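Read off the chains here:
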Amino acid sequence: MSKTPVTVIKGDGIGPDIVNATLRVLDCLDTGFEYQEVIVGQAALDAGESEVMPESALKSIEKTGLVLKGPVTTPSGKGYRSVNVAMRKHFDLYANVRPTLSMPGTQSRYNNLDIITVRENTGGMYSGQGQKVSEDGNRAEALSVITRSECERIIRFAFDMARARGRRKVTLAHKANIMKSTSGLFLEVGRQISEEYDDIEHDEVIVDACAMKLVMHPERFDVIVTTNLFGDILSDLCAGLIGGLGLAPGANIGENCAMFEAVHGSAPDIAGKNIANPTSVILAAALMLEHVDQPENANRLRRAVRSVVAEHDRVTPDLGGNATTDRFTDAVIERLG
Ligand code: NAD
């Protein structure tokens, strides 16, 4: 098999533990991956770099176009801008795909969910524009900017993905009743594009009602496409419905680059304890395997993880067990044979 270079960012907090676990699992498959590790964020500053996104990291990603990433801490309120947001913007990773699939063996509210959230990943409230606090600290503002072409490409992406994966429905989640400009444009474009896809049902829901409906009748949803901030929140909500953030993978897709990571963050409350659930990053690696046209390896990985969770064999505390990250990973590796 020819070699496929992959940039690896281990990230902060629980990041190194769960990314190392994933690399151990990937080593048991014949993937042809060749890893280049780079550092970003606080880890880069601590290592003496002057930027949170050092040139060496950017160059590696430009070359490989494929990234496996652990969560990276972002200081809240003050401090440098999110490296996650900046990387999505820099590499134009416009589609954030977050599948939520129920797993037997989890203590979750529902056991029959299969929802994919497609989140616009570069614009909207996270475009980073116009963030200002007045000198007296009493007034804050931020700008939400989304263009017609950004709306078009994310909505088309969602419908194309739905078609390619044989999904039945795409729901546009919006707030066009209040945010008439930004959400209004998103909805208008969504209605136009949905006409081009006769084979896929389309509906629309206001985002607050969407949150309520997801909690009460999640089985009614299939693919949800929405803007950046709403997608961030709704996809965490979906992860909660199937048993928590430790199970939720995400893919950030652009034309020339794709980055695979957990939906969750660096979990400072459990960092350094070797109890984080590595499933999210292992399943992100499965998405990466699919992306590079290795569906069999992706399915082997998923089957192994699902079997460990279903049989409650050495699962981590978030799933009601008492295993460490390492022991959970050993169980996955045993299942891979
Ligand atoms: P978080 O997602 O890190 O944690 C929320 C809760 O979920 C915590 O109780 C945590 O222990 C639990 N959790 C998360 N992942 C888990 C896992 N794999 N196994 C078991 N439990 C898990 O959210 P937060 O605390 O709000 O954010 C912490 C930091 O992460 C912040 O700096 C934030 O900016 C950053 N963050 C980064 C990314 C990213 O890199 N893509 C995404 C979200 C947040």
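Because the structure is a prediction, the values reported are computed rather than measured.

Participant: So, the overall build of the chain: which residues are in play, and what are the values?
Facilitator: When its secondary structure is counted, the chain shows eleven helices and twelve strands. At 20 Å, the chain has a C-alpha radius of gyration in line with the 20 Å of a compact globule built from 337 residues. Within the chain, the proportion of its 337 residues that are buried is 46%.

Participant: Describe the UniProt feature "domain: Isopropylmalate dehydrogenase-like" (unreviewed entry) in the chain, naming the residues involved and giving the relevant values.
Facilitator: The residues that UniProt annotates with the feature "domain: Isopropylmalate dehydrogenase-like" (unreviewed entry) are residues 5-332. Between the C-alpha atoms that bound residues 5-332 the distance is 24 Å, and the span itself is 39% helix and 18% strand.

Participant: Mind laying out the sheet that holds strand β8 (residues 169-174), listing which residues take part and the relevant values?
Facilitator: A sheet is described by the order of its strands in space; here ten strands give the open sequence β2-β1-β3-β12-β11-β4-β5-β10-β8-β9, paired in mixed fashion. Of all strands in the sheet, those bounded by a partner on one side alone are β2 (33-38) and β9 (201-206). Taken over all neighbouring pairs, the strand axes of this sheet differ in orientation by 25° on average, direction set aside. Those strands touched by helix α3 (residues 55-64) are β1 (4-9), β2 and β3 (66-69), and its axis lies near 145° from that of β1.

Participant: Tell me about helix α8 (residues 228-242), and name the residues and values.
Facilitator: Between its first and last C-alpha atoms α8 spans 22 Å; for 15 residues at 1.5 Å apiece the expected length is 21 Å, and the two agree. Restricting attention to buried positions, one finds in α8 the residues Asn228, Phe230, Gly231, Asp232, Leu234, Ser235, Cys238, Ala239 and Ile242. Check the buried side of α8 and you find it contacts β4 (95-101), β5 (114-120), β8, α7 (207-216) and β10 (223-226).

Participant: Hey, could you go over the site of the ligand for me, with residue numbers and the actual values?
Facilitator: Around the ligand there are 21 residues in total, and Thr74, Gly246, His264, Gly265 and Asn277 lie nearest to it. Residues that form the shell around the ligand fall into these classes: nine nonpolar, nine polar and three charged.

Participant: Can you lay out unusual backbone geometry for me, pointing to particular residues and giving the numbers?
Facilitator: A positive phi angle is found at Ala267, which is not glycine, with a value near 45°. Residue Asn274 is not a glycine yet carries a positive backbone phi of 60°. With respect to the secondary-structure elements, Asn274 resides in the loop between β12 (258-262) and α9 (279-291). According to the C-beta neighbour criterion, Asn274 is partly exposed, with 16 such atoms within 10 Å.

Participant: With reference to specific residues and values, describe the nonpolar core.
Facilitator: Counting 91 residues, the largest nonpolar core has Val40 and Ala285 as its most contacted members. Of the residues forming this core, the biggest block, nine residues, is contributed by α9. Setting aside anything within four residues of it in sequence, one finds Ala285 in contact with Thr22, Leu26, Leu68, Phe260 and Leu301.

Participant: Kindly report on the environment of Glu55, identifying the contributing residues and their values.
Facilitator: Mapped onto the fold, Glu55 is located in helix α3. Judged by the 10 C-beta atoms lying within 10 Å of it, Glu55 is exposed.

Participant: Could you give an account of the pairing of β4, naming the residues involved and the relevant values?
Facilitator: Most of β4 is tucked away, with six of its seven residues classed as buried. Sheet topology places β4 next to β5; seven bridges connect them, and they run antiparallel. Counterpart to Ala95 in the pairing with β5 is Glu120.

Participant: Which residues make up the environment of Leu247, and what values go with them?
Facilitator: With respect to the helices and strands, the residue Leu247 is situated in the loop between α8 and β11 (249-253). On the basis of neighbour count, Leu247 is assigned to the buried category, with 27 C-beta atoms found within 10 Å. Counting along the chain gives 147 residues from Leu247 to Thr100, while the straight-line C-alpha distance between them is 8.3 Å. Once you skip the residues sitting within four places of it in the chain, Leu247 turns out to touch Met103, Thr106, Ala239, Ile242, Thr279 and Ser280.

Rules of the game
- Residues numbered from 1 in each chain as written.
- Predicted model: local features only at pLDDT ≥ 70, side-chain atom pairs only at ≥ 80, totals over all residues.
- Helix = DSSP H or I, 4+ residues; strand = E, 2+ residues; numbered from the N terminus.
- Rg over C-alpha atoms; globule rule 2.2 N^0.38 Å.
- Buried ≥ 20, exposed ≤ 12 C-beta atoms within 10 Å, placed from the backbone.
- UniProt positions renumbered as here; feature names shortened; annotations may be inferred.
- Pairing = 2+ DSSP bridges.
- Axes fitted to C-alpha atoms, helices over the stretch in contact; angles between N-to-C directions.
- Contact = placed C-beta atoms within 7 Å.
- Expected span 1.5 Å × (residues − 1).
- Near = placed C-beta within 6 Å.
- Nonpolar A, V, L, I, M, F, W, Y, C, P; charged D, E, K, R; others polar.
- Core = buried A, V, L, I, M, F, W, Y, C linked by C-beta atoms within 7 Å.

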